[in-house]
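Structural characterization, general
Okay, here's what each chain looks like letter by letter:
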Amino acid sequence: MDKHQQQQLSLAKCSRQKYSEWIFRDVPSDITIEVSGGTFALHKFPLVSRSGRIRKLVAEHRDADISRVELLNLPGGAEAFELAAKFCYGINFEITSSNVAQLCCVSEYLEMTEDFSKDNLGSRAEEYLESIVCKNLEMCVEVLQQCENLIPLADELRIVSRCIDAIASKACAEQIASSFSRLEYSSSGRLHMNKQAKREGDWWIEDLSVLRIDLYQRVMTAMKCRGVRPESIGASLVNYAQKELTKKSSLWNPSSQTKVDLISTGHERLVVETIVNLLPVEKLAVPITFLFGLLRSAVMLDCTIACRLDLERRIGSQLDVATLDDLLIPSFRHAGDTLFDVDTVHRILVNFSQQDDSEDDMEDASVFESDSPHSPSQTALFKVAKLVDNYLAEIAPDANLKLSKFMVIAETLPTHARTVHDGLYRAIDIYLKAHQGLSDSDRKKLCKLIDFQKLSQEAGAHAAQNERLPLQAIVQVLYFEQIRLRNALCCSYADDDPKPMHNSWRISSGALSAAMSPRDNYASLRRENRELKLELARLRMRLNDLEKEHVCMKRDMQKSHSRKFMSSFSKKIGKLSIFGHSSSRGSSSPSKNSHRTDSRVIERTCASTD
């Protein structure tokens, strides 16, 4: 016997004790009504005058003089029937939000309508529901609580739908009013929203947390359709989840060692899956810590694959605001394996990378022309890269962590995500220290993940003396340290020798180019290309000016000095001996004289030409 049946039996006992207070004592009862284990000794006349169902039962057994009737599956049980019987006897009682749903359902069951009596119980309850309850949000929530045990009849009578519509409309209207109350004029006279003011339109969040999950889902769906703010929907989901998932289990305390009985977690599983389906599509509508909490619960409770994949996709879309504690998801389902759920984190990283790539593909080419050093997605990529390096360092000491899983986490992000490889080097060093049995080939494979050119001076000095690294890796570290030292020296003496400075700039530029994303690298190349084109255009203009000057000078020379120039030039040519013979007597060194003569002639010729 469940708790609900025990409550009905106790109410039936109370009814038997109290019904004598309002029943006709001087007239013996002629009919006994049994409802949910309770027994009521009543009279036919008051009942048949109001209830069409009891009138039909009595009419069908008129010849047998029926004296006992059992009403099966009466909504609301003995408590609801007692109120209906009081109404038949004309006993006054108050219709409230705590009993109006029962009265509507029991009047429908007993056929207490206007066809059998004017101002019957059904019309009285409907009037109260429409005029009082549906205009007050708290009353609607209380009626929905009563409807939890009255479904499906409460649905057929549209009690649930009317209350849900009233709640959604009321919440939306109060939210709009709250938004208007936060409007104020700035010093410049412009109307703006005061973000510092407290939002007063979300007080219903706490009230809705008392509903059963199926009714709560219907209320949230209606609110979404009405246009309630995603932040308010998210706040309500967080509040509801924390109340429902912390009642019987320790799902929201990852450090707890309490074992959860999976057989008794059907309710928690339903709550998690329902809340995931209700999550707003907008980013940051709920805190990412809450999403990770839902994911831990989904893994522990063995929720559907679709539920977990949806959470992983949502987390991946805003992973740049996550913390290391968020990523440390315990491995609930694999005893004896890794301490943390590395596979789930890998899928989250894949979602982040794919989301980042898809956003890059959708962006217009004009974005590449931006002069900003990094786009927002690039900033998010740097944050996630740092987060991943810290995560790798945290899981590296796990003796059961396989090399393939460690490497797949490190390789998920693109190469341009890390401008500095100090964090990755630290994580790999911790892994090598915790897994000293790795073969040389595995160590070489692991160290290939590090770009030693991107290590800082301190990390490079540590790596040069690290005996856990393969010899090939140490050689690379020493080589890049030597290049760095040489570039530093070249920069110190840049005035004496500009060529090493140019080499240093080229190496540095290459390192920066490698650290940039393809989008930023492309933008940098476009800017350099534009600068080169401008320089080339200037050079062309200068060359054209020089050509014009040369033509003018040549024309002037031809006009004014042509005769003088040719006569002097012929005299100089006549003095030259092409074969090296001299006309002077006693010349002992023709070649030497010829060399001097040639040099003098060339100098004079050049001077006259100039």
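Figured I'd write up the structure that's included with this text. All figures in this text were calculated on a predicted structure; none of them were measured in a lab.

1. A closer look at the overall build of the protein
On a plain count of helices and strands, the protein comes out with 27 helices and five strands. Looking at the 610 residues of the protein, the share that counts as buried comes to 40%. Across the protein, the fraction of contacts at a sequence separation of at least 24, relative to all contacts at a separation of at least 6, is 70%. Total accessible area on the protein is roughly 35500 Å²; 53% of this is exposed by carbon and sulfur atoms.

2. Notes on the pattern of salt bridges
Applying the stated criterion across every chain, the model contains 15 salt bridges. Of the charged contacts in the structure, one is a salt bridge between Glu111 and Lys56, with a shortest N-O distance of 3.3 Å. Taken together, the positions of Glu111 in the loop between helix 5 (100–109) and helix 6 (121–131) and Lys56 in helix 3 (residues 52–60) put the pair 55 residues apart, joining distant regions of the chain. With a closest N to O distance of 3.6 Å, Lys405 and Asp343 form a salt bridge. Residue Lys405 is located in helix 19 (residues 403–410), and its partner Asp343 is located in helix 17 (residues 342–362); the two are separated by 62 residues in the primary sequence. Residues joined by salt bridges that share partners form a network here, namely Glu126, Glu130 and Arg162.

3. Some remarks on the side chain of Gln175
Tracing the backbone through its elements, the reader meets Gln175 in helix 9 (residues 159–181). There is a polar contact of 2.8 Å between the side chain of Gln175 and the side chain of Ser232.

4. Side note on unusual backbone geometry
Of the consecutive residues Ile151 and Pro152, the connecting peptide bond is found in the cis state with omega at 15°. Checked against the element boundaries, Pro152 lands in the loop between helix 7 (137–147) and helix 8 (153–156). Residue Arg158 is not a glycine yet carries a positive backbone phi of 60°. In this fold, Arg158 is placed in the loop between helix 8 and helix 9. Given a relative accessible area of 46%, Arg158 falls into the partly exposed group. Even without a glycine there, the phi angle at Leu284 is positive, about 65°. Tracing the backbone through its elements, the reader meets Leu284 in the loop between helix 13 (266–278) and helix 14 (288–300).

5. Some details on the nonpolar core
In terms of nonpolar packing, the biggest core is built from 145 residues, with Ile33, Phe81, Leu208, Met220, Met223 and Leu319 touching the most fellow members. Sequence-distant contacts of Leu319, defined by excluding residues within four places in its chain, comprise Ile288, Phe292, Leu327, Ile348, Leu349, Phe352, Val384 and Leu387.

6. Here we look at helix 7
Taken together, the buried positions of helix 7 are Leu137, Cys140, Val141, Val143, Leu144 and Cys147. The arc enclosing the buried residues of helix 7, seen along the axis, measures out at 160°, which places them on a common side. Measuring from the side-chain oxygen of the N-cap residue of helix 7 to the backbone nitrogen of Glu138 gives 3.1 Å; that N-cap residue is Asn136.

7. Some points on the packing of helix 20 (residues 422–434) against helix 22 (residues 457–464)
One can describe the packing of helix 20 onto helix 22 by two numbers: an axis separation of 10 Å at closest approach and a directional angle of 30°. Taken as axis vectors, helix 20 and helix 22 run roughly parallel relative to one another. Seen along the crossing, helix 20 lies across helix 22 with a hand that is left-handed. In this structure, helix 20 uses Asp422, Tyr425 and Asp429 to contact helix 22, whose residues at the interface are Ala459, His462 and Ala463.

Definitions and cut-offs
Residues numbered from 1 in each chain as written. Predicted model: local features only at pLDDT ≥ 70, side-chain atom pairs only at ≥ 80, totals over all residues. Heavy atoms only, no water. Helix = DSSP H or I, 4+ residues; strand = E, 2+ residues; numbered from the N terminus. Buried < 20%, exposed > 50% of the residue type's maximum accessible area, 1.4 Å probe, protein only. Contact = heavy atoms within 4.5 Å. Areas by Shrake-Rupley, 256 points an atom, 1.4 Å probe, with all protein chains shown as cover. Salt bridge = Lys/Arg side-chain N within 4 Å of Asp/Glu carboxyl O. Polar contact = N/O pair within 3.5 Å; in protein donor to acceptor, adjacent residues only side chain to side chain. Core = buried A, V, L, I, M, F, W, Y, C linked by side-chain atoms within 4.5 Å. Arc of directions from axis to C-beta. Axes fitted to C-alpha atoms, helices over the stretch in contact; angles between N-to-C directions. Parallel < 35°, antiparallel > 145°, perpendicular 65-115°, else oblique. Left-handed = near helix turned anticlockwise from the far one by under 90°.

From the geometry alone we can't say anything about function, so treat these as descriptive.
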